Amino acid sequence: MGFARTCSVALVGVEGVVVEVQAGLEPGVAAFTLVGLPDKSLTESRDRVRAAVVNSGAAWPQKKLTVGLSPASVPKSGSGFDLAVAAAVLGAAERIDPRVLADIVMIGELGLDGRVRPVRGVLPAVLAAADAGYEQVVVPECAATEASLVPGVSVLGVRSLRQLIAVLADEPVPDEEYDGSGRPDPLLAGLRVPGTGAATGMHGVSAAHDHGHDLSDVVGQTAARTAVEVAAAGGHHLFLEGPPGAGKTMLAERLPAVLPRLGRQESLEVTAVHSVAGLLPPGKPLIDAAPYCAPHHSATMQALVGGGPGMARPGAVSLSHRGVLFLDETPEFSSHALDALRQPLEAGHVVIARSAGVVRFPAKFLMVLAANPCPCGRFSVRDDLCECPPSAIRRYQARLSGPLLDRVDLRVEVDRVTRTELTSRGARGESTATVADRVRAARERAAERLAGTPWHTNSEVPGRELRSRWSPAPGAMDETERSLERGVLTARGLDRVLRVAWTIADLVGHDRPDATDVALALQLRTGVPRGVPMALGALT
């Protein structure tokens, strides 16, 4: 009886499990049996592998063939097992030495002509293989750069099954023709499947960045610009409310460029999520800038937090991991979809339970909400242009639930731009580069203070730690505590005011928050003027 085994990886969300692919040949009527809890696409690999082996010039064994995927209790899905199945079959048929295959992890889909096609989730699959102690990985040639991001793993990129057979059998490697016609690579077509985010507007947009978008383009809006800077420096969620055309979307689109570049570990986390979703930019496998995701207000709850038929896919909250999630026209979103954001906002991840298993996706994002003050958008305490009845205004504003808004640290009213501000030829506001430098310096101060703790930004620090280990200046919290007694703030709100105050102190260079820093944080939290200047430069 011929026997061979090799390895592949089964992905559950962005976590992988190494699967041993075993092939056994025994006398009997020629048949191909695949066992080990495969799904429909994996069951169809029997025909793909047989055609690929024959068209690659190798003989298909005319015996009873059984391929097992172990552990059998783990659900397996997708076409990424094709390459491992073909190698195990060839090893059992002694076309390849079985001893060579035992410690190699293989990931890739096979075409009927033997070409090796890429699959989604190569990076998290290789990460799982490395964590399990494997040092050799075979992937499609076009995904080799992505797989090479994992340190300590030797990556072999192959273009066809013929090349893999030649390498493993120590034979001359044949040259494969490359289609240089200028058309999109057909091997990459399968990564852009409708419904995974590529065609729904929920895709990661690199913040490294459209140079035509700069903060200096935003006219006026001193308070909103300050809120954007504070949000970027401390990772605080932001709510912008104002009439149409005031600049809410402009501010949100420029926020990713203000955020610091991602570290190595953060880049791998973001790249893994986008790899599973099939949204990695071509030619740039590592995402090192904060992603930006802006789903349409018609998005469902599954589109926001993840889900879908079968095994769950990452949603907008995961595609914006370590970046910005912008919900424009927030009251127009489904109330169920908005309330589903509460758990990931607190936990930094989302857990989706399905009959096929439980999936956990990372979801540590900076949320920006934008809304009009009323259905017509012209309601204001300064002007009397709104024609909406009070009941309509109350219903419109009530679409944002109190528990959701309680998790938002910064709430700013974006005023209507005046003619003088719009037509003035004077000095423009600060550029993105200037603000980004201050944000980076503030984050460095916070990181130095939080060294040795599991937290990296002020928004992550629990309230009890802020109150016990890093206390503000004496008397600085008096007004905030009175607001708590009057019911203006909740206990969570008081902690969030203190976090924002620490971020403001980091931005202006104070050792700890003083009364002015706390007053500005309270004003940004409640929207009630406290008599402090909104420009950070006035606090230094």
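Note: the structure precedes this text.
Counting restarts for each chain, with residues numbered from 1 along the sequence as it is written. A pLDDT threshold of at least 70 governs which residues receive local features in this predicted model, and a stricter bar of 80 or more applies before side-chain atom pairs are shown or counted, although totals over entire chains, interfaces and linings include all residues. With hydrogens and water excluded, all non-hydrogen atoms of the structure serve as input to the side-chain values.

1. Comments concerning the sheet that holds strand S10 (residues 238-241)
Quick note on the threshold: In short, DSSP must find at least two bridges between two strands for them to pair. Secondary structure elements follow DSSP: runs of H or I no shorter than four residues count as helices, runs of E no shorter than two count as strands, and numbering proceeds from the N terminus.
What the five strands build is an open sheet, ordered S11-S12-S15-S10-S16; its pairing is parallel. One side of each edge strand has no neighbouring strand; the edge strands of this open sheet are strand S11 (292-293) and strand S16 (410-413). The pairing of S11 with strand S12 (residues 324-327) spans two bridges and is classified as parallel. Considered in S12, the bridge of Tyr292 is made with Val324.

2. Focus on the pattern of salt bridges
Cut-off, in case you're wondering: By salt bridge we mean one thing: a side-chain nitrogen of Lys or Arg within 4 Å of a carboxyl oxygen of Asp or Glu. Only protein chains enter the calculation, and the probe is 1.4 Å; a residue is then buried if its accessible area is under 20% of its type maximum, exposed if over 50%, and partly exposed in between.
Throughout the structure, instances matching the rule amount to 28 salt bridges. Arg48 serves as the salt-bridge partner of Asp82, at 2.7 Å between the closest nitrogen and oxygen. Placement of Asp82 in helix H3 (residues 82-92) and of Arg48 in helix H2 (residues 45-55) is noted, with a sequence separation of 34 residues between them. For the pair formed by Asp82 and Arg48, the shared burial category is buried. A salt bridge links Asp288 to Arg261; the nearest nitrogen and oxygen atoms lie 3.1 Å apart. One end of the pair, Asp288, is in the loop between helix H10 (264-277) and S11; the other, Arg261, is in the loop between helix H9 (248-258) and H10, and 27 residues separate them in sequence. Salt bridges here are not isolated pairs; linked through shared partners, they connect Glu346, Asp406, Arg407, Asp409, Arg492, Arg496 and Arg525.

3. What about the pairing of strand S1 (residues 2-12)?
Along S1, eight of the 11 residues are buried, which leaves the element largely enclosed by surrounding structure. Taken together, the 11 bridges between S1 and strand S2 (residues 15-26) define a ladder with antiparallel strand orientation. When the bridges of S2 are listed, Ala10 appears paired with Val17. Following S1, the chain reverses through two residues before pairing antiparallel with S2; Gly13 in that reversal takes a positive phi of roughly 70°.

4. Digging into the pairing of S10
For S10 and strand S15 (residues 366-371), the ladder comprises four bridges, and the chain directions are parallel. For Leu240, the partnering residue across the bridge sits in S15 and is Ala370. With four bridges connecting them, S10 and S16 associate as parallel partners. Residue pairing for S16: Leu238 is matched across the bridge by Leu410.

5. Side note on the environment of Pro172
With respect to the element layout, Pro172 can be found in the loop between helix H7 (161-168) and helix H8 (222-234). Counting along the chain gives 69 residues from Pro172 to Asp103, while the straight-line C-alpha distance between them is 22 Å.

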